[in-house]
Amino acid sequence: MSATHYQNHSADQRHMRSPEGSDMEKRFNDAKSYITSTTGKDGVNLYDHLVKCVSRLLTEQPRDSVTIFEDVSKLARSQQVKPQEQPAENTEHILAEEQKPLFEKSDNAEELDDEALQSPLPHILEQAYYFEQAGIGLGRDETYRIWLALKQLVDKGQYEKVRFWGKIVGTEKNYYIAEVEQNAEEEADDDDGNEETSENDDAKDADDEEGEGEEDPLPKSTYKAPPSVPKEERGTGVNKYTYHVCNHPGSPWVRLPIVTPAQVSQARQIKVFFTGDLNREIKSFPAYPGTEKNYLRAQIARISATTHVSPAGKFKFSDEEEETEEEGGKQNYQENEDFTGAPLSELVHEDLNGWVHHVLHVLPQGRTKWWNPNDNGDKEEEEAEEEEDMKAAAPGAQPEQGPPLLTPIGVDAEIQNTKAWTAKISSNLIPQYACAFVRSNLWPGAYAFARGMIWENIYVGFGHKYSTTDYRPELPPLPANEYTDLPENIEIDDPTPEDEAKARAAEEHGEEGEEEHEEEAENEEEDD
Amino acid sequence: MGIEAKDFSLDLDLLAYSGIVFSPEQRAALQTSLVILKEQYKFKTIHLWGKILGITEDYYIIQGRQKNELQDRQFLYSSDCINWNMLTPASDDAKELSPQCQGRFTGDPSHDFDVTKYTVSNEDTEEENVEEYKSQLREEERLAATLWKIEQDAIIIPRGSYVLQPNGNVERNRTFEGLTIIESGKLSNYFHFREPISLQQKSLIHRATLDKSLHFLDTIDEDVPKGWSVQYERGSGLVQIRSLKWPGMAFFHIPETNRYGSLYCGIGEENKDLPFML
C-alpha cells in the first residue's frame, strides 16, 4: 500500500516540475533500484524496511509520528532479527484450568441449612476489607481465590476452626498458609515417625560401631549428647494449631509437620530466604535440622507467638481451671461472651494496653512450657552442652519463663528504643467508621485490626524478624582439646625391611609370631 | 520507576500480589494530590513512588520527572497524602551516613539520629586504629539518602520501555509493546533505571554491538549478589519481580503489553544480610 503511495507521490512531482518526464522517471528508477539493492548483512533490503515503517505509520497514524519514527524503525528492524523462540508454555492457561475446580459448586451441601451456615470457614473478604483499610492485604481477586481454596480445605476435613494465616513470599514461589484447629486426636500423625527416626540416628550409629569392632573395639566417646528437648504434642503449645500451605490458591494443601524445639531454637540462629519448595534442604550454618517445611513451620510458630494479638477482653481464662502450680501459667482461655467490642480509643492508645497476646510466648528452649532436663536425665553427668541447651541443662537449671497469656502488648520488649508495635486508626477523616490496627515492628508484615467484635491477624512478608544489627553467622564451636599422649602409645620406629623379613619368616614358621606382627602393623597405621 | 498517575488505580491492584495495598482513603487522596502536584510543579510526568513505614507516621513518596526522566527527578513526601513537602536531594554526607544509621524511621522529619561512623586507619598493621566519629543525621536527610539509594539499587524497567532520544533525553518509549512471556522471566531483560555504572566498564567492542537508544542502562542480572526474585503470578499473565536487597520493592509487568511499574512499601532499610540468605 505504501509502495504505491510512494510512486504516486513521485508521479505528482514529475507532473509539476519537469517537462522532461522520462529523465525524472529514469532518476526515480535509479533511486529505487539503489534502494532495493542495498541489502544488510541479514538479507533485509532498505526498500522493504521503509515499506514496513511507512505502512505502520500510515495504518496506526500515531500522534507526532516524527518523534517516534526512529523507534518504529528500530522496532521493525529488531522484529526481523529476532530469532524464532519456541512458543512459551502457556502457564496462564494451565493455572486457570487448575483453579477452575475452585469455582465449581459442590452439589451436596448447598441447602443453606444450619449446618452449612455453621461452617468454620471465616469471612475472609470482610477481613480483607478491614486489612485494606490498614494498608495490608493481597488484593480482592487473590483474596477471593484464597477463600475458595480455604473452602476446599474445610470441605475435606473436620476442623473446628480455620483461618487464613497469611502469605510468606519466597524467591521462586510463595506460600499461602492456613491455620486450622483440629478436633481432638485426629488421625495418626504420619510425620511423627520420620522425626523419631532421625533423632535416634546417632544412637544407632554408635551401636553399629560397637558391633563392628569386635576384635579391636574403637575407643568409646565419653561425650553424651545433651538430652534433646522433647517436642510438644499436636494440640498443645507451639503445636496447638496445624498449618496447611499451598503455593497458589487451587493447588493442593500440604500439611506441615509439627515443630520440634530444636527446629525453633535453630531457626533463631539462621536467616535464609524461602524458595517455595517445601523439600529443599536448608543451607545454613549451624546446619538446620530439617528441610524448608520444618523451617517454615518454625518461623510460623515464632511469628504467631509474637504477633498474634487480640483486643483486650475478647478472651478470658476459663473459670474452672484452678491456678495450677506449673510453670507457663494458665494454658487455656475461652471466648468471653460478655465481650461487646473494644472501644477505638483504647485500641489506638499509645500505651498499647488495648491489645493482648493470645498465643503463648516461645521460650528459648523452643517450647512454650518449660521442660526441666534434670527430671529424667539427672543421673547423667553434665557434659559440655551445646549452646542452645546451655541454659536448660546447666546444673540447677533455671526455669525459663515467658510472659503469661493475655499479656498486653504494651509490655513487649523494645527493639533498641523502638516500640514493638505501632497502633493506628485507619482513617482520620471519617473516624466513626474507621478500624484500629496495629502492626508489628519486630516482624514487619504482621498486622492486626479490630473493629467492634471483629478482629484478625495476618502476616504478609518474607518471614524474617527485624533486627537492628546485621546478621552474623554463628561461629564454629571451639576445637576440642587435643588428645594427650599416654605412655601406652609411644611412637616407635618403623620396622626396617630386615625386621619385616624376619617377621614374615616367623609367620611362615608358625602361629606364634602372628600376634606380634599384628601389633606391629597396627603401630604402623597409627604412625600415619 | 513508580506507577504513573494515569494508570494509578489499575496498577495498584496488580501490586497487591506483593502485599502492597493502599486504603481507599489514601487512594483517593493520592489521586487528587498527584493531579494537583503535577500542575503545581510543572512536572512532565508524576509517579507514585511508594511509602516508607515509620514508627509513628508513614511517609508517602511521590516522584515528579521532567523531560529527561533519568536525571530530572524530584521527590515529594507527605504523611497524610494531602500536604506535600519537597525533598531536597541528599548531600554526599547524608548518603555516606545513612547506611550507618540504626533504627527505624520515626515519622517525624525533624528527628535527629545519632550516627557513629568508624574509620580504620593503617588497616592490618600494628598501628591499626579505629576512629569513631559521632554525628547527627536529620530524618529528612536520611529519607532523601535512602530514597536515592533505593533508586540506585532497586528501581527497574523492562528492556525497551524507555529510549534514549538523539537529543540525550530519556523518555518513555511509546512504541514499547512489552516483553514476551519468555523474555519477561529473564533478569537480563530488565534495566536499572539509574545512570549506568557497569556499562561504562564494559569493553568498547561489547558496547559497539549494543543498540544505543535502547540498551543504555545496566542490566540487573549482573548484580552481585543476585538480589532479585522473579515470579509469574496468575500463571504467566503477570510477572512480579521483588528485590531481595530492599524487601518491599515490587515490580510488575504484564507480558506483551506496555504495562509495568513498581512501588516500594517497606521500612526503608537495606537487607545487608542478603549474601547469607540465598
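Every chain is numbered independently, its residues counted from 1 as its sequence is written. For this description, chains carry letters from A and ligands carry numbers from 1, given in the order in which they are written. The predicted nature of this model means local features are confined to residues of pLDDT at least 70 and side-chain atom pairs, given and counted, to a pLDDT of 80 or more, with totals for whole chains, interfaces and linings taken over all residues.

**Some words on the overall build of chain A**
At step 1: Of regular secondary structure, chain A possesses 15 helices and twelve strands.
At step 2: Residue pairs qualify as contacts under a 7 Å threshold applied to their C-beta atoms, which are placed from the backbone. Pairs at least 24 apart in sequence give 62% of the contacts found in chain A among residues at least 6 apart. In this text, helices come from DSSP runs of H or I with a minimum length of four residues, and strands from runs of E with a minimum of two, each type numbered from the N-terminal end.

**With respect to the overall build of chain B**
At step 1: On a plain count of helices and strands, chain B comes out with seven helices and 15 strands.
At step 2: Here the radius of gyration uses the C-alpha set of atoms, whereas the globule reference equals 2.2 Å times the residue count to the power 0.38. In terms of C-alpha radius of gyration, chain B reaches 20 Å, essentially the compact-globule figure of 19 Å for 278 residues.
At step 3: With C-beta atoms placed from the backbone, the exposure class of a residue follows from how many other C-beta atoms lie within 10 Å of its own: 20 or more, buried; 12 or fewer, exposed; in between, partly exposed. In chain B, which comprises 278 residues, the share counted as buried stands at 44%.
At step 4: In chain B, the proportion of contacts linking residues at least 24 apart, taken out of those at least 6 apart, comes to 58%.

**Considerations on the confidence of the model for chain B**
At step 1: Values of pLDDT, which run from 0 to 100, indicate the predictor's confidence residue by residue. Residue-level pLDDT values for chain B average 87, and 100% of them are 70 or greater.
At step 2: Scoring the predicted complex yields pTM 0.78 and, for the interface, ipTM 0.89.

**Digging into the packing of helix H7 (residues 124–134) of chain A against helix H8 (residues 140–156) of chain A**
Residues and elements named next belong to chain A.
At step 1: Between H7 and H8, the least distance of the axes is 9 Å, while the angle of their chain directions is 145 degrees. Our pair here, H7 against H8, has a crossing hand that is right-handed. Across from Ile-124, Leu-125 and Ala-128 in H7, the residues of H8 making contact are Arg-140, Thr-143, Tyr-144, Ile-146, Trp-147 and Leu-150.
At step 2: When its residues are assigned to classes, the contact of H7 with H8 shows seven nonpolar, one polar and one charged. Lines fitted to C-alpha atoms define the axes here, with helix axes fitted over just the stretch in contact, and angles between the N-to-C directions of these axes take values from 0 to 180 degrees. Handedness of a crossing is defined here by the sense of rotation of the near helix relative to the far one, left-handed for an anticlockwise turn of less than a right angle and right-handed for a clockwise turn. Each residue is assigned to one of three groups, with Ala, Val, Leu, Ile, Met, Phe, Trp, Tyr, Cys and Pro labelled nonpolar, Asp, Glu, Lys and Arg labelled charged, and all others, Gly among them, labelled polar.

**Digging into the sheet that holds strand S4 (residues 254–255) of chain A**
All names here are of chain A.
At step 1: One open sheet accounts for eight strands, arranged S4-S3-S2-S1-S12-S11-S10-S9; its pairing is mixed. Looking at the sheet topology across the chains shown, the edges are occupied by S4 and strand S9 (421–425).
At step 2: Following DSSP output, two strands are said to pair if at least two bridges run between them. Of the strand pairs in this sheet, strand S10 (residues 436–440) and strand S11 (residues 446–451) are connected by four bridges, and their pairing is antiparallel. When the sheet's bridge partners are listed, Ala-436 is paired in S11 with Ala-450.

**Focus on the interface of chain A and chain B**
At step 1: Tallying the contact residues gives 50 residues for chain A and 37 residues for chain B.
At step 2: Those elements that place two or more of their residues in the side of chain A that touches chain B are helix H4 (65–81), helix H5 (91–99), H7 and strand S12 (454–461) of chain A.
At step 3: Grouping the amino acids of the side of chain A that touches chain B by side-chain chemistry returns 19 nonpolar, 18 polar and 13 charged.

**Notes on the pairing of strand S1 (residues 159–168) of chain A**
Residues and elements named next belong to chain A.
At step 1: Burial of S1 is extensive: eight of the ten residues sit out of reach of the surface.
At step 2: As judged from the eight bridges shared by S1 and strand S2 (residues 175–182), these two strands associate in the antiparallel manner. Its bridge partner being in S2, Lys-167 is matched across the sheet by Tyr-176.
At step 3: Hairpin connection between S1 and S2: a loop of six residues separates the two successive antiparallel strands.

**A look at the environment of B:Met249**
Residue and element names in this part refer to chain B.
At step 1: The topology assignment puts Met-249 in strand S14 (residues 249–253).
At step 2: Take Met-249: there are 26 C-beta atoms within 10 Å of it, and that puts it in the buried class.
At step 3: Residues Met-249 and Lys-212, spaced 37 residues apart in sequence, show a C-alpha to C-alpha distance of 28 Å.
At step 4: Leaving out residues up to four positions away in the same chain, Met-249 has contacts with Ile-150, Ala-154, Arg-242, Ser-243, Ser-262, Tyr-264 and Gly-266.

**Some points on unusual backbone geometry**
All names here are of chain B.
At step 1: Here the residue pair Val-224 and Pro-225 is connected by a cis peptide bond, since its omega of -10 degrees sits within 30 degrees of zero.
At step 2: Here Pro-225 is to be found in the loop between helix H6 (204–208) and strand S12 (228–233).
At step 3: One non-glycine residue, Cys-81, lies in positive phi territory at about 70 degrees.
At step 4: Turning to its location among the elements, Cys-81 is positioned in the loop between strand S4 (73–78) and strand S5 (85–87).

**Re helix H3 (residues 46–60) of chain A**
At step 1: Compared with the 21 Å implied by 1.5 Å per residue over 15 residues, the 21 Å span of H3(A) between its first and last C-alpha is a close match.
At step 2: Downstream of H3(A) by one or two residues, A:Gln61 has phi in the positive range, about 45 degrees. Expected helix span is computed as 1.5 Å times (number of residues minus one).

**Focus on the pairing of S12(A)**
Residues and elements named next belong to chain A.
At step 1: Of all the eight residues making up S12, seven are buried; the element is thus mostly covered by neighbouring parts of the structure.
At step 2: Sheet topology note: the S1/S12 ladder contains three bridges and is parallel. Across the sheet, residue Ile-168 finds its bridge partner in S12, namely Gly-461.
At step 3: With six bridges connecting them, S11 and S12 associate as antiparallel partners. By the bridge assignment for S12, Arg-451 is matched with Ile-454.
At step 4: If you look at the hairpin formed by S11 and S12, you'll find two residues sitting between the two strands, and Gly-452 has a positive phi there, around 60 degrees.

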